[in-house]
Amino acid sequence: QVQLVETGGGLVQAGNSLRLSCAASERTFNFGAVAWFRQAPGKEREFVAAIARSVLITTYADSVKGRFTISRDNPKNTVYLQMNNLKPEDTAVYYCGTGGIFSTESRRYDYWGQGTQVTVSS
């Protein structure tokens, strides 16, 4: 059973940065894509960013393009989400998922972490 643990969330003011980490319990990341999604209260889970097995292939939601960067360190079984110039609308619980298929759809990912809260104050 693959376990994912997200860390790095917190409360920040608009314009500041946070780096989220997603650590896997085993070498699953070496074999598949990893994505970040987020869910704000009363809203559906939405795609944020994804990175393929090849670190050269990434994709981002339009709302975060140019501000967020996804990266992976396969030897450490960890994927990162660097979030710069945060905005109040970025406030949400952030989840990482993995499952092998590079996609912007949450249903393509089989394993999920418990999430980490990001709150951006104006």
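Residues numbered from 1 in each chain as written. Predicted model: local features only at pLDDT ≥ 70, side-chain atom pairs only at ≥ 80, totals over all residues. Heavy atoms only, no water.

Describing the packing of aromatic side chains
- Applying the stated criterion to the full structure yields four aromatic pairs.
- Plain terms: the ring middles of Phe-37 and Tyr-109 are 5.9 Å apart, the flat faces sit at 65° to each other, and that makes the pair edge-to-face. Note that Phe-37 is positioned in strand E4 (residues 34–39) and Tyr-109 in the loop between strand E9 (92–98) and strand E10 (111–112), a separation of 72 residues in sequence. In this structure, Phe-37 and Tyr-109 share a single accessibility class: buried.
- Judged by centre distance (6.2 Å) and plane angle (70°), the ring pair of Tyr-109 and Trp-112 falls under edge-to-face.
- The class of Trp-112 is partly exposed, set by a relative accessible area of 26%.
- Put simply, the rings of Phe-37, Phe-47, Tyr-109 and Trp-112 pair up and form one aromatic cluster.
- Across from the ring centre of Trp-112, 4.8 Å away, lies the NZ or CZ of Arg-45, which sits over that ring. (Phe/Tyr/Trp six-rings, centres within 6.5 Å; stacked < 30°, edge-to-face > 60°. Helix = DSSP H or I, 4+ residues; strand = E, 2+ residues; numbered from the N terminus. Buried < 20%, exposed > 50% of the residue type's maximum accessible area, 1.4 Å probe, protein only. Lys NZ or Arg CZ within 6 Å of the ring centre and 35° of its normal.)

Here's the deal with the state of the cysteines
- The full count for this structure, using the stated rule, is one disulfide.
- Shown here is the disulfide that connects Cys-22 with Cys-96, its sulfur atoms set 1.9 Å apart. Note on the Cys-22 and Cys-96 pair: the S-S dihedral is about 65°, so by sign convention the disulfide is right-handed. Residue Cys-22 is located in strand E3 (residues 18–24), and its partner Cys-96 is located in strand E9; the two are separated by 74 residues in the primary sequence.
- According to the relative accessible area criterion, Cys-96 is buried, its value standing at 0%. (Disulfide = S-S within 2.5 Å.)

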